[in-house]
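Below, each chain spelled out in residue letters.
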Amino acid sequence: MRTRMFLALAAVFGLLLTGCTGDSGGSGSGSDRITLRFQSLAWQEESVEANKELVEEWNAAHPDVRVEYVQGSWDSVHDQLLTSFEGGEAPDIIHDASDDLADFAYGGYLADLRELLPARLKEEIPDRSWETATFGDGIYGVPFLQEPRVLIANAEWLKESGVRIPTPEEPWSWEEFRQITKELSGDGKYGVAWPLKEPVSATLNLSLSAGGRIFHRGDDGKVEVRFDAADEVVPRTVHDQVAVDRSAPGTTLGMGGSDTLPGFFGGKYAMVPLGFSYRQQIVQQAPEGFDWQVLPAPAGADGLTQGVSPQTLSIAEDSAHKKEAAEFIDFLLRPENMVRLALGDWMLPTGRKALSDPALHTEKYDWATGTALAEHLRSAPAQSVRGYPEWKDKVATPAFQEYYSGAIGLDELRKRLVEDGNLVLARYQR
């Protein structure tokens, strides 16, 4: 009797133990299976499809480590992640952008990936890309997709005007760009339309071509804001096109990139500076027969160099399965898979082998122009600056908006960026 009771209790206890071990790891199946949550910010139909297909392929090949696809949004990702980190509910694998990682990395919310990633992936992505996700001594994200800012141009308009068409080998200088936009303007039409609803990243990233940096880190590790002659080149060009030459309309300064497309298709603007991925919208929305082309952004003292904040994949520090999460990232970013993700997002991969894929070097949709610019992309100036989001929102955005519209002059712009900006940054560097 005692033996039968003991065996019955042992069986019940065993069932309880089995129920408590679900998703906890191990090499079994069913309740022993690990589940990783992958929050993706893919939003374009092709991109979402590519991500979901890759998740399905992983799950089919790894029955013991299941990946659950979670849809996130670029519009709310920072606040949503902060809430999930503080609540202990962060996804295991996190899709974000490198310029959003600094506070999370320094705050201890993201895992240092140096010992987690395989040598293959480390070697495949160049150092200039790894720099975008390096904070202090650690690496907190894998940069995998990037895009240069380019000029999307009305090809027929430029051809008829007779202006010199720039190439990555022979780009326009910023001075030549300004003169050409003057030549293309008149009769209610403009040589260029600047969509600068979010003016800061565009200005800072393009300013690298002229040698501008704005943020300067001292030997003590602290960052200060300076606005030198090289930093003036790009903002002064935009300001003069709008307020002096009248070759750019002031009405588009408060617009996002997509907002300028109807006017571009309608023949109101000859060119619009946009991210490389906007080509997809143009293909989908342009009227039949509209002839467009991709031109490199103007070059300055440092050539075609421009800042970039790649899309990244990170692992939450609180994840109980960091090793498996890193293995999934390695799978997702195999060269052939990175090409699929790049084509889905109409962006460029960071990986060397992926970037050399013939599908990304075609003349169709000017993929070849974009890939020619990849080697000139560098870490955006603000990547590792703590307090940058506050500086951008409270100081730089209103200052640039007022300067571009002609409401304030260059001296006042410099004063706000430097004096007010350094007061903001000082609070994060004590």
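How each quantity is defined
- Residues numbered from 1 in each chain as written.
- Predicted model: local features only at pLDDT ≥ 70, side-chain atom pairs only at ≥ 80, totals over all residues.
- Heavy atoms only, no water.
- Helix = DSSP H or I, 4+ residues; strand = E, 2+ residues; numbered from the N terminus.
- Buried < 20%, exposed > 50% of the residue type's maximum accessible area, 1.4 Å probe, protein only.
- Contact = heavy atoms within 4.5 Å.
- Pairing = 2+ DSSP bridges.
- Axes fitted to C-alpha atoms, helices over the stretch in contact; angles between N-to-C directions.
- Salt bridge = Lys/Arg side-chain N within 4 Å of Asp/Glu carboxyl O.
- Domains from an automatic or database assignment.
- Buried area = accessible area lost by both parts, 1.4 Å probe.
- Polar contact = N/O pair within 3.5 Å; in protein donor to acceptor, adjacent residues only side chain to side chain.
- Lys, Arg positive; Asp, Glu negative; His and termini not counted.

1. Some words on the overall build of the chain
Then step 1. Of regular secondary structure, the chain possesses 18 helices and 15 strands.
Then step 2. Here the C-alpha coordinates of the chain stretch approximately 100 × 55 × 35 Å along the principal axes.
Then step 3. Per-residue burial over the chain gives 51% buried out of 430 residues.
Then step 4. Partitioning the intrachain contacts of the chain with sequence separation of at least 6 by distance along the chain shows that 73% fall at a separation of at least 24.

2. Points about the sheet that holds strand β13 (residues 311-315)
Then step 1. Pairing is mixed in the open sheet, where six strands are placed in the order β2-β1-β3-β13-β6-β14. Looking at which strands have only one partner, the edges of the open sheet turn out to be β2 (65-71) and β14 (348-349).
Then step 2. Examined bridge by bridge, strand β6 (residues 142-146) and β14 share two bridges and lie antiparallel to one another. Looking at β14, one finds that Gln146 is bridged to Leu348.
Then step 3. Its contacts with the sheet place helix α13 (residues 322-332) against β1 (34-40), β2, β3 (93-97), β6 and β13, and it is angled at close to 155° to β13.
Then step 4. Taken strand by strand, helix α14 (residues 335-345) contacts β6, β13 and β14, and its axis lies near 45° from that of β6.

3. Description of the pattern of salt bridges
Then step 1. This structure, assessed with the given rule, holds 19 salt bridges.
Then step 2. Linking Arg114 and Asp112 is a salt bridge whose minimum nitrogen-to-oxygen distance equals 2.6 Å.
Then step 3. A residue is classified by how much of its surface remains accessible, and Asp112, at 26% relative accessible area, is partly exposed.
Then step 4. A salt bridge links Arg416 to Glu412, with the shortest nitrogen-to-oxygen separation between them at 3.1 Å. Remark: Glu412 and Arg416 occur in helix α18 (residues 410-426); sequence separation between them is four residues, near one turn of the helix.
Then step 5. One connected set of salt bridges, linked through shared partners, spans Glu232, Arg236, Asp411 and Arg414.

4. A closer look at the domain arrangement of the chain
Interface size, as often reported, equals the accessible area lost upon joining of the parts.
Then step 1. Partitioning the chain into structural domains gives domain 1 (34-146 + 309-371) and domain 2 (149-296 + 386-427).
Then step 2. Computed over C-alpha atoms, the centres of domain 1 and domain 2 are 28 Å apart.
Then step 3. Contact residues are listed per partner, giving 14 residues for domain 1 and 13 residues for domain 2.
Then step 4. Overall, the association of domain 1 and domain 2 removes approximately 1400 Å² of surface from exposure, summing both partners, and the carbon and sulfur fraction of that is 55%.
Then step 5. Here domain 1 is connected to domain 2 by one salt bridge.
Then step 6. Taken together, the links from domain 1 to domain 2 amount to five residue pairs in polar contact (both at pLDDT 80 or more).
Then step 7. For the side of domain 1 that touches domain 2, the secondary structure elements donating two or more residues are α4 (102-106) and α16 (367-373).

5. Describing the side chain of Asp92
Then step 1. For Asp92, the position within the fold is in the loop between α3 (77-86) and β3.
Then step 2. Of the side chains with opposite charge, Arg37 lies nearest to the buried Asp92, which makes no salt bridge, at 5.9 Å.
Then step 3. Reaching out from Asp92, the side chain makes a polar contact with the backbone nitrogen of Arg37 at a distance of 2.9 Å.
Then step 4. With residues up to four places along the chain from it excluded, the contact list for Asp92 reads Thr35, Leu36, Arg37, Ser314, Ile315, Ala316, Ser319 and Ala320.

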